[in-house]
Amino acid sequence: MDTPDVKRKDITAWAEVIHDPEKELRISENREIFKKKFIDDLSEFLYEDMRRSRSLITSPFTINRLFSEISEEERKIWYDYAAGIPGKLKSLELMIRPATGFIRTCIITDEDIEKLASIDHEKYFRDPDTAFSNLPGARKWYFRELNYLIPPQLKKIGFEIFRTAEEPLLSPAMLRKLARAIHSRYLQEMRNRDNNEESTGDYLTDYDNLPDEIKYSNADNAYHIANKLLAIGYRIKPVNEGFQPMALHLDENEIETMSRIEHLRWSWDKRLNGWIFGNMKDSERKTHPGLIPYEELTESEKEKDRELVRLIPGLLQDIGYEAYPVVPDRIAALSYAIKPRSSIHKLLNETRKLNEEISGMSSKNPVLEEKVRVINRKIEETIAEVQGNYNYARHIQETYLPEDLFIRECFTDSFVLFKPKDIVSGDFYFFSKRDNIRIFAAADCTGHGIPGALLSTLGYGITDQAVNEIKLTDPSEILDHLYSKVHKFLRRDDELPGMPDDMDIALCSLDLETRILTYAGVSSPIYVVSDNQLHEYKATNFISNSYETGGHPFTSEKIRVKKGDIIYLSSDGYTDQFGGRFHKKYQRPNFKSLLLNIHMNPMPEQRDMLFEEFERWRGENDEDQTDDILVIGIKI
């Protein structure tokens, strides 16, 4: 089949919208490649996809036969249409680029499609008495569908549409981690559906078992988090080192706007994978009734998009990013990061400040000034060495502690407030998942700083061994293994005194299907807020005589929880913090009252409220942080 003559300007038009920094595609050298991809193939792919939709439309062109069977004159219409696509992309300030990895969607609004469809109607279906807006529904749908099909056809020839302004600063590895957390939210929503609901979802499996198309869809969702925030006037950036990200507070209007963008993204993702509108969902024919404007969705379908949007503030915290306004009048709506103050940071900063003051006093005496300069250099070298050692120890601890996004996989509605006293912590937290079982813990080892961190490393490693290697799931059995191993390491010689307090711990397992929470603790209670009532479950295990009696020294307690209940675990660092007007400890009753007061707020905001209350309490008298801080919140 001969291809009608294609003008050079048509190929040049395509080259103008290609973003190809490596200049792999040159018109003069690859004119035939350009023509084959962007004219011949694109025209045929577009035509054949329209044929697939012919039962739903009234077409002004012949689309009943195969592309190879239509006349040259008919084919010329489609070649001409392909040649005009670059001009339409430029009208929307869109570009294309060779795709690497999965093809990302580009957010093109329904209003944009309507505009392009109107242009097509005027060009290919000239009727001075009929404006596009007044066309019969089926014919009007035809011109819209032509433009909805442009990105999928570009995908087939290896190109994706994008906007430079929408480029997020997230690495592929970060996108994969976010994708896992987003899929966990989907699994949670499926579990929360009533038993009599018609569908329980098509992909009720772990992320690793998903087909590539669904993995890419979750990654695409993560990729567009920045664009959803851009829609309400925010961009994102990594939080500066030494600062703590605060959760972005979204109001209902902002959630609705971002939900509309999420539905657009989902719709384009489906189209890129070959789906078209259909009255019934049909996986073989790839038709879906959800490929309609957001306003036409049912309220239950809109709520699915809203749930994904409400997850975004917590995800940003997990990856250490913050949102900042791109419109000046939005600055007041942003919660900025708050810089933490550990005693080691405070000491280093005060030392530097003192050195600067001494240098100023000695500036009139050259000999003294030189001695001070030498001393200062040695102090700075010592400070740098101390800080370097602490920072490396922190890096080691951050390496083995569960990543925030993995915690989000385990529990999509959760938070961890973790604030070491001296850069590294004697507290540690643990999360693991196996099928429908989630195992989690909050532990407080003796001491803080480097000594405490050494014990926490030992404790975490043994806990991980018990759960992920030996495959224990009962908290009492895990504690038995943990303390027997810790005692073995810390009491090598029975004639020498061992450490009086190894660690306090609250350890739980939760069956997501039965919603049975099993708890075993040593000196650490847990709190469950249910129906606006806070219930304290106290630890019933003790270390002092556990190994004198032999046998199985630890016991567990089973607690039935329900949807909406919140579980809190904590070390004693929060309640033992000195502060307030009278230099007193915060104490457990105040902590329980605080949890009850904030439990109705979204989980990321609860974390912020706990942190702000902690800073307020110790800030009244500028108290140093007393101990490591660890608070975990999990909503069922």
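What counts as what
Residues numbered from 1 in each chain as written. Predicted model: local features only at pLDDT ≥ 70, side-chain atom pairs only at ≥ 80, totals over all residues. Heavy atoms only, no water. Phe/Tyr/Trp six-rings, centres within 6.5 Å; stacked < 30°, edge-to-face > 60°. Lys NZ or Arg CZ within 6 Å of the ring centre and 35° of its normal. pLDDT = per-residue confidence, 0-100. Contact = heavy atoms within 4.5 Å. Buried < 20%, exposed > 50% of the residue type's maximum accessible area, 1.4 Å probe, protein only. Helix = DSSP H or I, 4+ residues; strand = E, 2+ residues; numbered from the N terminus. Pairing = 2+ DSSP bridges. Core = buried A, V, L, I, M, F, W, Y, C linked by side-chain atoms within 4.5 Å. Expected span 1.5 Å × (residues − 1). Salt bridge = Lys/Arg side-chain N within 4 Å of Asp/Glu carboxyl O. Axes fitted to C-alpha atoms, helices over the stretch in contact; angles between N-to-C directions.

(A) Just the packing of aromatic side chains, in detail. Within this structure, the stated rule accounts for 20 aromatic pairs. The ring centre of tryptophan 275 lies 4.0 Å from the NZ or CZ of lysine 270, which sits over that ring. When the ring centre of tyrosine 148 is taken as reference, the NZ or CZ atom of arginine 271 above it lies at 3.8 Å.

(B) Structural context of the confidence of the model for the protein chain. With 77% of its residues at a pLDDT of 70 or more, the protein chain shows a mean pLDDT of 78. Counting contacts from residues 195-200, a segment whose pLDDT is below 50, to residues more than four positions away or on other chains yields 2 contacts. In the predicted structure, residues 327-342 sits below a pLDDT of 50 and forms 44 contacts with residues beyond four places in sequence or in another chain.

(C) Here's a closer look at the pairing of strand 8 (residues 427-434). When you tally the buried positions in strand 8, you get 6 out of 8 residues, the bulk of the element. Sheet analysis places strand 8 next to strand 9 (residues 437-445), joined by 8 bridges and oriented antiparallel. Note on strand 9: the bridge partner recorded for serine 432 is isoleucine 439.

(D) Structural context of the nonpolar core. By size, the foremost hydrophobic cluster in this structure holds 51 residues, and its most contacted members are Phe431, Phe440 and Leu517. Discounting chain neighbours no more than four positions away, the residues touching phenylalanine 440 are Phe411, Phe430, Phe431, Ala506, Leu507, Cys508, Leu510, Leu517, Ile567, Leu569 and Ile634. Counting 43 residues, the second-largest nonpolar core is a separate cluster that includes Phe67, Ala117, Phe143 and Leu149.

(E) Here's a closer look at helix 8 (residues 212-223). The terminal C-alpha atoms of helix 8 lie 16 Å apart, and with 12 residues this matches the ideal 16 Å at 1.5 Å per residue to within 8%. Counting buried positions over the 12 residues of helix 8 gives 9, a clear majority of the element. For helix 8, the full list of buried residues reads Ile214, Lys215, Ser217, Asn218, Ala219, Asp220, Asn221, Ala222 and Tyr223.

(F) Main features of the pattern of salt bridges. Applying the stated criterion across every chain yields a total of 34 salt bridges. Salt-bridge contacts for glutamate 160 lead to arginine 104; the nearest nitrogen and oxygen are separated by 3.7 Å. Of this pair, glutamate 160 sits in strand 2 (residues 159-162) while arginine 104 sits in the loop between strand 1 (95-98) and helix 4 (110-124), and the two are 56 residues apart along the sequence. Its relative accessible area of 2% is what places glutamate 160 among the buried residues. One salt-bridge network, in which partners are shared between bridges, spans Glu256, Glu299, Glu303, Arg306, Glu307 and Arg310.

(G) Fine view of the environment of asparagine 240. As for its position among the elements, asparagine 240 is in the loop between strand 3 (234-238) and helix 10 (252-272). When the C-alpha positions of asparagine 240 and glutamate 322 are compared, they lie 9.4 Å apart, and in sequence the two are 82 residues distant.

(H) Focus on the sheet that holds strand 13 (residues 533-537). The 5 strands are arranged 7-18-15-12-13 in an open sheet whose pairing can be described as antiparallel. Among the strands making up the open sheet, the edge pair consists of strand 7 (414-419) and strand 13. The average undirected angle you get between the axes of adjacent strands in this sheet is 15 degrees. Sheet analysis places strand 12 (residues 526-530) next to strand 15 (residues 566-570), joined by 4 bridges and oriented antiparallel. Of the residues in strand 15, the one forming a bridge with isoleucine 526 is leucine 569. Those strands touched by helix 20 (residues 603-619) are strand 7, strand 15 and strand 18 (629-635), and its axis lies near 25 degrees from that of strand 7.

(I) Representation of the pairing of strand 7. Of all 6 residues that make up strand 7, 5 are buried, and the element is covered over most of its length. When strand 7 meets strand 18, the two strands line up antiparallel, connected through 6 bridges. Residue pairing for strand 18: leucine 417 is matched across the bridge by valine 631.

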